[in-house]
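# Descriptive analysis of the structure
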Amino acid sequence: MEPDAVVCRGVTVQRGRRLALNDVDADVARGSITGLLGPSGCGKSTLMRAVVGSQKNVRGTVTVLGEPAGTAALRSRVGYVTQSASVYRDLTVRENVTYFARLTGATGDVAEALAAVDLGEVAHQRVKDLSGGQVRRVSIASALVGRPELLILDEPTVGLDPVLRADLWRRFRRLADDGTTLLVSSHVLDEADHCDSLILLREGTLLATTTAAEMRSRTGQTSLDAAFLDLITGTEATP
Ligand SMILES: Nc1ncnc2c1ncn2[C@@H]1O[C@H](COP(=O)(O)OP(=O)(O)OP(=O)(O)O)[C@@H](O)[C@H]1O
């Protein structure tokens, strides 16, 4: 069996006065969708940054595709889409994705990346004339064009309507089916149903590594929000 795409051991990050992550152990299996879930401020973005290698003051070890996180060799193998879209508003959709392809030295196909997130028909439009959901997808296409083995998406569905959200998750599933490993964060617990496995964080600590089905069976709840609350209560009840 191939080793996991991401292996985090004892990951601890101090940000200002706060311990943003406290001794977190978590793994991301290859070719699957792992959800990184928890309330706002629990440390999701910090953990993603530790995996990408852009977070300062990381203690513990983070191994990505067999290499220490952040090493130069990983640059073309890992795609990272931050919460705020990092695209050029005055360029067209195609120009943006082409630019990122050149920047990463990617041999990937621009048309293929645009098609993967259904942007083919607006490829000629300037980003400033697009909807928020479309801009989000330009960011994703810009990361996809490098054909990363690991794609890290920080809250990609936030602010999107339910139809667009469902559509994006279908596209993420297709990418995973084609062999890409996805680590996707969300503070919406219901999105857990789209993930193969889950890393649940709370106030910088690992609450559980689990699945949506296991969350329901452990708590007897059908709603994942309620199951998460039960897990928090259970944790607090443990001395
Ligand atoms: N630049 C910073 N300096 C100091 N503390 C920070 C900084 N950025 C974030 N933090 C703190 O680190 C903790 C974790 O933040 P992080 O952004 O990782 O959480 P998150 O789960 O991604 O939140 P959200 O869902 O709101 O994006 C929070 O308590 C936050 O206040």
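Here's a quick rundown of the structure.

Thresholds, definitions, all that
Residues numbered from 1 in each chain as written. Predicted model: local features only at pLDDT ≥ 70, side-chain atom pairs only at ≥ 80, totals over all residues. Heavy atoms only, no water. Helix = DSSP H or I, 4+ residues; strand = E, 2+ residues; numbered from the N terminus. Rg over C-alpha atoms; globule rule 2.2 N^0.38 Å. Areas by Shrake-Rupley, 256 points an atom, 1.4 Å probe, with all protein chains shown as cover. Lys, Arg positive; Asp, Glu negative; His and termini not counted. Charge placed at Lys NZ, Arg CZ, Asp CG, Glu CD. Axes fitted to C-alpha atoms, helices over the stretch in contact; angles between N-to-C directions. Parallel < 35°, antiparallel > 145°, perpendicular 65-115°, else oblique. Contact = heavy atoms within 4.5 Å. Nonpolar A, V, L, I, M, F, W, Y, C, P; charged D, E, K, R; others polar. Buried < 20%, exposed > 50% of the residue type's maximum accessible area, 1.4 Å probe, protein only. Near = heavy atom within 4 Å. Polar contact = N/O pair within 3.5 Å; in protein donor to acceptor, adjacent residues only side chain to side chain. Phe/Tyr/Trp six-rings, centres within 6.5 Å; stacked < 30°, edge-to-face > 60°. Disulfide = S-S within 2.5 Å. Left-handed = near helix turned anticlockwise from the far one by under 90°. Patch = residues over 30% accessible without salt bridge, like charges linked within 9 Å, V, L, I, M, F, W, Y side chains within 5 Å. Salt bridge = Lys/Arg side-chain N within 4 Å of Asp/Glu carboxyl O. Expected span 1.5 Å × (residues − 1).

### Describing the overall build of the protein chain
From N to C terminus, the protein chain includes seven helices and ten strands. In terms of overall dimensions, the protein chain is globule-like: its C-alpha atoms have a radius of gyration of 18 Å, near the 18 Å expected for 239 residues. For the C-alpha atoms alone, the extent of the protein chain along its principal axes is close to 60 × 40 × 40 Å. As presented, the protein chain carries roughly 11600 Å² of accessible surface, and 48% of it is formed by carbon and sulfur atoms. Here the protein chain holds 27 positive side-chain charges and 29 negative ones, and the gap between their average locations is 6 Å.

### Here's the deal with the packing of helix 4 (residues 132-144) against helix 5 (residues 162-177)
Helix packing for two helices is described by the angle between their axes and how far apart those axes are. Packing of helix 4 against helix 5 brings their axes to within 12 Å, and their N-to-C directions diverge by 10°. It follows that helix 4 is roughly parallel to helix 5 by the angle criterion. Seen from helix 4, the contacting residues are Gly-133, Arg-137, Ile-140 and Leu-144; seen from helix 5, they are Leu-164, Leu-168, Phe-172 and Leu-175. The residue makeup of the contact of helix 4 with helix 5, split by class, is six nonpolar, one polar and one charged.

### A word on the side chain of Asn-96
Tracing the chain through its elements places Asn-96 in helix 2 (residues 93-103). With a relative accessible area of 0%, Asn-96 lands in the buried category. Contact partners of Asn-96, with chain neighbours within four places excluded, come to Val-87, Tyr-88, Leu-91, Val-127, Val-138 and Ser-142.

### Examining the site of the ligand
For the ligand, the set of nearby residues contains 14 residues, the closest of which are Ser-40, Gly-41, Ser-45, Thr-46 and Gln-83. In the model, an oxygen atom of the ligand is placed 3.0 Å from a nitrogen or oxygen of the Gly-43 main chain. In the model, an oxygen atom of the ligand is placed 3.1 Å from a nitrogen or oxygen of the Glu-155 side chain. In isolation the ligand has 640 Å² of accessible area, and contact with the protein removes 65% of it. Elements represented by at least two residues in the shell around the ligand include exactly strand 2 (18-28) and helix 1 (44-52). With three residues, the single largest contributor to the shell around the ligand is helix 1. In terms of residue class, the shell around the ligand is built from three nonpolar, seven polar and four charged.

### Focus: the packing of aromatic side chains
Across all of its chains, the model carries four aromatic pairs by this definition. With centroids separated by 6.4 Å and ring planes inclined at 25°, the aromatic side chains of Tyr-88 and Phe-100 adopt a geometry described as stacked. Of this pair, Tyr-88 sits in the loop between strand 6 (78-81) and helix 2 while Phe-100 sits in helix 2, and the two are twelve residues apart along the sequence. Ring plane angle 75° and centroid distance 5.4 Å describe the contact between Tyr-99 and Phe-100, whose orientation is recorded as edge-to-face. Exposure remark for Phe-100: the relative accessible area of 17% places this residue in the buried category. Through a chain of ring-to-ring contacts, the aromatic side chains of Tyr-88, Tyr-99 and Phe-100 assemble into a single cluster.

### Considering the state of the cysteines
Per the stated rule, a full pass over the model turns up zero disulfides. Sulfur of Cys-8: no disulfide; nearest cysteine sulfur belongs to Cys-42 and is 14 Å away. Assessed through its relative accessible area of 2%, Cys-8 is described here as buried. Cys-42 gets classed as buried once you look at its relative accessible area, which sits at 3%.

### Quick word on the packing of helix 2 against helix 4
Between helix 2 and helix 4, the least distance of the axes is 8 Å, while the angle of their chain directions is 30°. As far as their axial angle goes, helix 4 and helix 2 are roughly parallel. As for how helix 2 packs across helix 4, the hand of that crossing is right-handed. On helix 4, the residues touching Val-93, Asn-96, Val-97 and Phe-100 of helix 2 are Val-138, Ala-141 and Ser-142. Broken down by class, the residue content of the contact of helix 2 with helix 4 amounts to five nonpolar, two polar and no charged.

### Notes on a nonpolar patch on the surface
A grouping of Tyr-88, Tyr-99 and Leu-103 is seen on the molecular surface, where their side chains present a nonpolar patch of about 310 Å² in accessible area. You can call Tyr-88 partly exposed: its relative accessible area is 42%.

### Considerations on helix 4
The end-to-end C-alpha distance of helix 4, which contains 13 residues, comes to 19 Å, matching closely the 18 Å that a straight helix rising 1.5 Å per residue would cover. Those residues of helix 4 that are buried lie in contact with strand 6, helix 2, helix 3 (110-116), strand 7 (150-153) and helix 5.

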